[in-house]
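The primary structure of each chain is shown beneath.
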Amino acid sequence: MQEGFVITEGVACGPAVIFKNDSPMVNIVHISPEQVDAEINLYLNTVDRTYRLFLSEKNNVSADMAKEFLDAAILYLTDNYIKERIIHKIKDELCNAEAAVMQCYHEYISDLIGMNDPFVLHNEFELHNLAETIILELRKKKVHLPEITEDSILICNNITPAQFLTMNTEHIKGVLLEDGNTQSHLAIVLRGSKIPAIFNVSNATKVIQNGETVLVDAYANRIYISPLDELIWQSFNNAKKYQSGNERHTDTIKPLMAQYKTSPDGERMRILANINSVAELTKLTCLPSSGIGLFRTEFLFMNCSHEPSEEEQYLVYKKIMDMLPRNYEITFRTFDFSADKLPLYMSMSSAFNVDSNQHNKQSLIKQLRAIIRASAKRHIRIMFPMVAEYEQVRELVDLFNSVKSLLMDTGHEVGWIKIGIMIETPAGAIMSDSLAQIVDFFSIGTNDLTQYTEACSREDPTHRNDELTPAVLKLINLTVHNARKHHTPVCICGELVHNLDYLALFISMGLRDFSVAPFYLNRLLEKIHELEVKIEPLLDEKIDCIRTKNEIYDLNDSLITTHGSNRRIID
Ligand code: PEP
Ligand code: MG
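Nothing here was measured: the structure is a model prediction, and the numbers come from that model. (Residues numbered from 1 in each chain as written. Chains lettered and ligands numbered in written order. Predicted model: local features only at pLDDT ≥ 70, side-chain atom pairs only at ≥ 80, totals over all residues. Heavy atoms only, no water.)

A. Focus on the site of ligand 1. In the vicinity of ligand 1 there are 14 residues, among which Arg-296, Arg-333, Gly-445, Asn-447 and Arg-458 approach most closely. Arg-296 places a side-chain nitrogen or oxygen 2.6 Å from an oxygen atom of ligand 1. At 2.9 Å, a side-chain N or O of Asp-448 approaches an oxygen atom of ligand 1. Burial of ligand 1 by the protein amounts to 98% of the accessible area it has alone, namely 290 Å². Counting residues per element, the ones that place at least two in the shell around ligand 1 are strand 9 (291-296) and helix 17 (446-454). Here the shell around ligand 1 gets three residues from one element, more than from any other, and that element is helix 17. When its residues are assigned to classes, the shell around ligand 1 shows three nonpolar, four polar and seven charged. (Near = heavy atom within 4 Å. Polar contact = N/O pair within 3.5 Å; in protein donor to acceptor, adjacent residues only side chain to side chain. Areas by Shrake-Rupley, 256 points an atom, 1.4 Å probe, with all protein chains shown as cover. Helix = DSSP H or I, 4+ residues; strand = E, 2+ residues; numbered from the N terminus. Nonpolar A, V, L, I, M, F, W, Y, C, P; charged D, E, K, R; others polar.)

What follows is the structure, encoded as structure tokens:
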């Protein structure tokens, strides 16, 4: 089944318990003056119930992170200033409690950000999440939590930490969530409790039936429905090996990186990380990475109920840069929103549809200004997703140059910035010869490149993002060829890189930079070091002749001079 974002690594297997929750979208309802008291009471009772729940859970949880979250939540829940503001809003604006909660929390956060309050900079996501938690709790009367009496895998569309903690968590061995943010409270609680969990698993509650056996392999980021015993055994076994491998790596990482593996023609190869959140960065600092090959900035603001201002964004980008060593090159991808990646504020804002092009341009300028300002004294890269046309790229590069010049003219210090594009549409790959001449770098996004080339949705649970097809291989080869012809650095950053069966082929084609999710860094590093790849002078001709997926595996194997076949262990 299609993977999502791993929250906690590990393997778990058991019968599915499906839980479909209310949507956290805010229902804005105007109430009559007679309903005000009832709405205020509903709000106060909900806050009180949530507070008592968090308090009792704090004594039950053992993990420090979960305790930390509960402490912060308790602090905000007892904050009289926020309470008063919400009560006034209900009274003065005659709105229902959930609309008042969302708006007041949003205004409160904006005020604190405006005052440069250091506390809120660390707690912005917590505050947004808490508001959502209260909203879902306000609807508690409709929520029937499932009873969990045996070891199970919990599968939900979304769930608040309070709801989760109210369940019999002792029996929850794994969690799959359709929504979820890697920085959410729930993610923190799950990590703290070491429960293997994967978020953003599309359609999980529809595809999986109650009681069906589910295997969650949150090392390999794969989910299996009704798996064979052999596969279950293999996954648990691999998990053991991976755990001991990780321990070994903690001492060997630095010497390994110091040796810098080179390609057959003596070029240095780099392993970079794909990052979606500030929380993931904490993990990254102890991992072997030359930098960040893909920072998906859209995930930073998923939980925001308003479009983040330039200042709000600047603070987040600055914080990210300050968390990383100076020699780390960070590649920020500008917002890449799509139907499955819509932030809270976009679905709520009807204004977005009025003049979407103009709006997008203004939003992009805001984001570019924020990133460029935060780049002072650093080397960074900015890349644009989903481009297809030469003129479009020209315009984007011109826009970047004018935003940067304006900032410099108005006295802002800016860093050293390279500007690039993702090659993730067939048009982009086909146009790569011309495009390579007007940008500083390419990054090949194989997830979208595959979906648009093969006309198969990446949201389809039966589709595998880590399988290379002949057509996609030919487009990647064309892109790498054109990039190298114009000395334009090219990285590959889609899920295909997680499938190490293609690594020899990618190296032979001329790829030198590989960007993967953090939990693949060690495995890729190990593989790159053990693999000896031969130079194949007729590689382009051989790729041109490829017709089937199996021929790709055979070609890959023929390029390995050591260790025989390279097939993956985990299916
Ligand atoms: C891709 O499309 O391959 C990619 C890396 O970007 P995303 O998965 O964020 O669309
Ligand atoms: Mg993409």
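B. Quick look at helix 11 (residues 310-323). With 14 residues, helix 11 should reach 20 Å at 1.5 Å per residue; the first-to-last C-alpha distance of 20 Å fits that figure. Residues of helix 11 that are buried include every one of Glu-310, Glu-312, Gln-313, Tyr-314, Leu-315, Val-316, Tyr-317, Ile-320 and Met-321, and no others. (Expected span 1.5 Å × (residues − 1). Buried < 20%, exposed > 50% of the residue type's maximum accessible area, 1.4 Å probe, protein only.)

C. Broad picture of the environment of His-486. Positionally, His-486 belongs in the loop between helix 18 (470-485) and strand 14 (490-492). For His-486, the residues in contact, after removing those within four places along its chain, are Asp-433, Ala-436 and Gln-437. (Contact = heavy atoms within 4.5 Å.)

D. View of the sheet that holds strand 13 (residues 441-444). Taken in spatial order, the eight strands of this closed barrel run 8-9-10-11-12-13-14-15, and their pairing is parallel. Taking each pair of neighbouring strands and ignoring which way they run, the sheet shows an average axis angle of 25°. One ladder, built from three bridges, connects strand 13 with strand 14; its direction is parallel. Looking at strand 14, one finds that Ile-444 is bridged to Ile-492. Against the sheet, helix 11 contacts strand 9, strand 10 (329-333) and strand 11 (379-384), and its axis sits at roughly 155° relative to strand 10. Strand contacts of helix 14 (residues 390-409): strand 11 and strand 12 (416-423), with the helix running at about 160° to strand 12, the strand carrying the most contacts. (Pairing = 2+ DSSP bridges. Axes fitted to C-alpha atoms, helices over the stretch in contact; angles between N-to-C directions.)

E. Spatial organisation of unusual backbone geometry. With a phi close to 55°, Met-386 is a non-glycine residue in the positive phi region. The residue Met-386 is located in the loop between strand 11 and helix 14 in this model. Phi at His-487 takes a positive value of approximately 55°, unusual for a residue other than glycine. With respect to the helices and strands, His-487 occurs in the loop between helix 18 and strand 14. Looking at His-487, the relative accessible area reads 72%, which means it is exposed.

F. Representation of the nonpolar core. Residues Tyr-317, Leu-468, Ile-476, Leu-505 and Phe-514 are the most contacted members of the largest nonpolar core, which totals 109 residues. It is helix 14 that provides the largest number of residues to this core, a total of seven residues. Core analysis: the second largest hydrophobic core is formed by 54 residues, Val-17, Ile-31, Ala-97 and Ile-148 among them. (Core = buried A, V, L, I, M, F, W, Y, C linked by side-chain atoms within 4.5 Å.)

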